[in-house]
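# Architecture at a glance
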Amino acid sequence: MSNKKLWGGRFSAAIDKAVESFTASVHFDQRLALYDIQGSIAHASMLGNCGIISNAEADEIIAGLKQIQKDIESDNFSWQRELEDVHMNIEARLTEMIGDTGKKLHTGRSRNDQIATDMRLYVRDVVDQLSQRVKDLQIVLVDLAEQHFDTIMPGFTHLQAAQPVTFGHHMLAWEQMLERDRQRLTDSRTRLNISPLGAAALAGTSYPINRQQTAELLAFDRPSENSQDSVSDRDFVLEFCSNAAILGTHISRMAEEMVIWSSDKFKFVDLGDAFCTGSSIMPQKKNPDVAELLRGKSARLLGNQTQLLVLMKGQPLTYNRDNQEDKEPLFDSADTALACVDILVRMLAQITVNTEQMYQAASDGFATATDLADYLVKKQIPFRDAHEIVGKVVAYCVQNNQQLGQLNIETLNQFSNLIEDDVYDCLTLEGSVSSRNHIGGTAPEQVKQAAIRARRRLQA
Ligand code: ARG
């Protein structure tokens, strides 16, 4: 029988072609090749150091693996589906290159701890890249916050103008969401950075291996505690996809606001021609497609997280082939999250903020009504009564098509004779925002300080 499989010994019939293509993963797991080689080099040098193979054999294996790495990097490696996955493609090639010594690489190891190792190395890299990119995005937001620390816009609840805020304050609200995303990534890194290598198939190995050494060679913090858990655990994949899903949810919220703000009705921002597309039928259109796609791509991130939860649910210990299905959602979440953050950095760096339009919108919507109520409270009227009085003032304005700041004192006195000339300080947008002068408030002075704190935190 001409069975090419590295596990072919037990089998008398060649594998069915349909089964071969059903079980193969090399078309997607070849993305792990460099991590696989990194893990194999650590494993081979440990085998040599522990005298499980000779040092000369270890050197030969390592030189062969380095050559394979070069071939893969220069696209001179021919991946074969009948060899199933990334591990067996590389090992088969190694043996083809260096002969029987190549067959010793898999001593004291299984594809089960091998794939767990590859995956941790991959996720660790992606976590580092994504953290850096999220940080770049935070910096763009801090830049915008500094430029617009006193740019007034309406703040919203229920998408109704609620109270005036500054655009800088809004940018720093987004920045906080991302700060939590970055913290979650950093936090997950500590949990994922342990070495499963040495768990072998599930129970460990009878060879005198040194797990501490492979852990150190791969810059893991320590070897994992339990061999059965090590080969079956994919929490770190799930955690990454969950963190990416939360990040995606944040990005979708930012994107949605940009869609709204750039619309004809709002005109708060201009997204830049490079980030919009035209319509094939309506010549007047400039559509915020990039922002919409950012909103849409969060669906993938949420879907991938769900897929992984369902994949892991109910799996008995230890390794099951189901786990091969963890890779595509993981890769997709990594690619999607990295691309979304990258495009958002570019888009925000080119955004034009229409400060007049925002100011106008803040003036239009009775946004200082709360300030008038607070003014009355300061004149010893209980808040509930003040609320009632201002409600009537607003109803009057609606009926007479006026803004709060346009009412004269005589008119205001019809609602409360405690209102005096100083009321206009709080009925103006500037007065309103400046009065929210405490940590976390929207007063321009506070926004400036918050931006300084954020920048310092991001530089640390
Ligand atoms: N391709 C497999 C995976 O991604 C590698 C481990 C296979 N192990 C096994 N015993 N079949 O999970």
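Before reading further, recall that the structure is shown in the block above.
Residues numbered from 1 in each chain as written. Predicted model: local features only at pLDDT ≥ 70, side-chain atom pairs only at ≥ 80, totals over all residues. Heavy atoms only, no water.

### Description of the overall build of the protein chain
Per the secondary structure count, the protein chain includes 19 helices and six strands. Here the C-alpha radius of gyration of the protein chain, 31 Å, is well above what a compact globule of 460 residues would show, namely 23 Å. With respect to the principal axes defined by its C-alpha atoms, the protein chain has extents near 100 × 50 × 40 Å. The buried share of the protein chain, taken over its 460 residues, is 49%. Sequence separation of 24 or more characterises 74% of the internal contacts of the protein chain that already satisfy a separation of 6 or more. (Helix = DSSP H or I, 4+ residues; strand = E, 2+ residues; numbered from the N terminus. Rg over C-alpha atoms; globule rule 2.2 N^0.38 Å. Buried < 20%, exposed > 50% of the residue type's maximum accessible area, 1.4 Å probe, protein only. Contact = heavy atoms within 4.5 Å.)

### A closer look at the pairing of strand β2 (residues 160-166)
Pairing of strand β1 (residues 152-157) with β2, which is carried by six bridges, proceeds in the antiparallel orientation. Each residue of the ladder has a partner; that of Phe 156, found in β2, is Ala 161. Adjacent in sequence and paired antiparallel, β1 and β2 are bridged by two residues, among which His 158 carries a positive phi angle near 55 degrees. (Pairing = 2+ DSSP bridges.)

### Focus on the environment of Asp 289
Its location among the elements puts Asp 289 in helix α11 (residues 289-312). For Asp 289, a relative accessible area of 27% gives the class partly exposed. Expressed as a C-alpha distance, the spacing of Asp 289 and Glu 388, which sit 99 residues apart in the sequence, is 44 Å. The contacts of Asp 289, once residues within four sequence positions are left out, are Phe 275 and Thr 277.

### A word on unusual backbone geometry
At the junction of Leu 317 and Thr 318, the peptide bond is cis and its omega measures out at 0 degrees in the coordinates. Here Thr 318 shows up in the loop between α11 and α12 (327-349). In this structure, His 158 takes a positive phi of about 55 degrees despite not being glycine. Within the secondary structure, His 158 sits in the loop between β1 and β2. The exposure class assigned to His 158 is exposed, which follows from its relative accessible area of 76%.

### What to know about the layout of surface pockets
Approximately 510 Å³ is the volume found for the largest pocket. Along its surface, the largest pocket is lined by 29 residues, and His 169, His 170, Leu 172, Ala 173 and Trp 174 are the ones closest to its centre. At the level of elements, β1, β2, α7 (167-192), α10 (235-262) and α19 (444-459) are the ones that each hand at least two residues to the lining of the largest pocket. A class-by-class count of the residues in the lining of the largest pocket yields 14 nonpolar, nine polar and six charged. The calculated volume of the second largest pocket comes to roughly 370 Å³. Around the second largest pocket, the lining comprises 16 residues; the ones closest to its centre are Ser 262, Ser 263, Asp 264, Lys 286 and Asn 287. Put simply, the parts of the chain that give the lining of the second largest pocket at least two residues each are α10 and β5 (269-270). Here the residues of the lining of the second largest pocket are counted per class, giving five nonpolar, five polar and six charged. (1 Å grid on protein atoms, 1.4 Å probe; cavity = no way out; pocket = protein on both sides within 12 Å on 5 of 7 lines; lining within 4 Å. Points joined across faces, edges and corners; volume = space filled by probe spheres on them. Nonpolar A, V, L, I, M, F, W, Y, C, P; charged D, E, K, R; others polar.)

### Concerning helix α6 (residues 111-147)
Taking 1.5 Å as the rise per residue, α6 with 37 residues should run 54 Å; its terminal C-alpha atoms sit 54 Å apart, in good agreement. Among the 37 residues that make up α6, 26 are buried, leaving the element largely enclosed by the rest of the structure. The N-cap residue of α6 is Ser 110: its side-chain oxygen and the backbone nitrogen of Asn 112 are 2.8 Å apart. (Expected span 1.5 Å × (residues − 1). Polar contact = N/O pair within 3.5 Å; in protein donor to acceptor, adjacent residues only side chain to side chain.)

### Comments concerning the site of the ligand
Around the ligand, a shell composed of Ser 25, Asp 85, His 87, Arg 111, Asn 112, Ile 115, Tyr 319, Arg 321, Gln 324 and Lys 327 is seen. Here a nitrogen atom of the ligand sits 3.0 Å away from a polar atom, N or O, in the side chain of Asn 112. A distance of 2.6 Å separates an oxygen atom of the ligand from a polar atom in the side chain of Lys 327. Protein chains shield 87% of the accessible area of the ligand, which is 340 Å² for the free molecule. Top element by residues in the shell around the ligand is α6. It accounts for three residues. Residues that form the shell around the ligand fall into these classes: two nonpolar, four polar and four charged. (Near = heavy atom within 4 Å. Areas by Shrake-Rupley, 256 points an atom, 1.4 Å probe, with all protein chains shown as cover.)

### Looking at the environment of Asp 425
For Asp 425, the location among the structural elements is in helix α17 (residues 423-427). Overall, the relative accessible area of 57% leaves Asp 425 in the exposed class. Note: C-alpha distance between Asp 425 and Ile 281 (144 residues apart in sequence) is 50 Å. Those residues in contact with Asp 425 that lie beyond four places of it in its chain are Gly 431 and Ser 432.

### What to know about the nonpolar core
Membership of the largest hydrophobic core comes to 77 residues, with the highest contact counts inside it found for Phe 240, Trp 261 and Leu 348. Of all the secondary structure elements, the ones that give two or more residues to this core are α3 (33-49), α6, α7, α10, α11, α12 and α19. Considering every element that reaches this core, the biggest residue donor is α6, with 15 residues. Other than its neighbours up to four places away in sequence, Leu 348 contacts Leu 137, Val 140, Leu 141, Leu 144, Trp 174 and Met 258. (Core = buried A, V, L, I, M, F, W, Y, C linked by side-chain atoms within 4.5 Å.)

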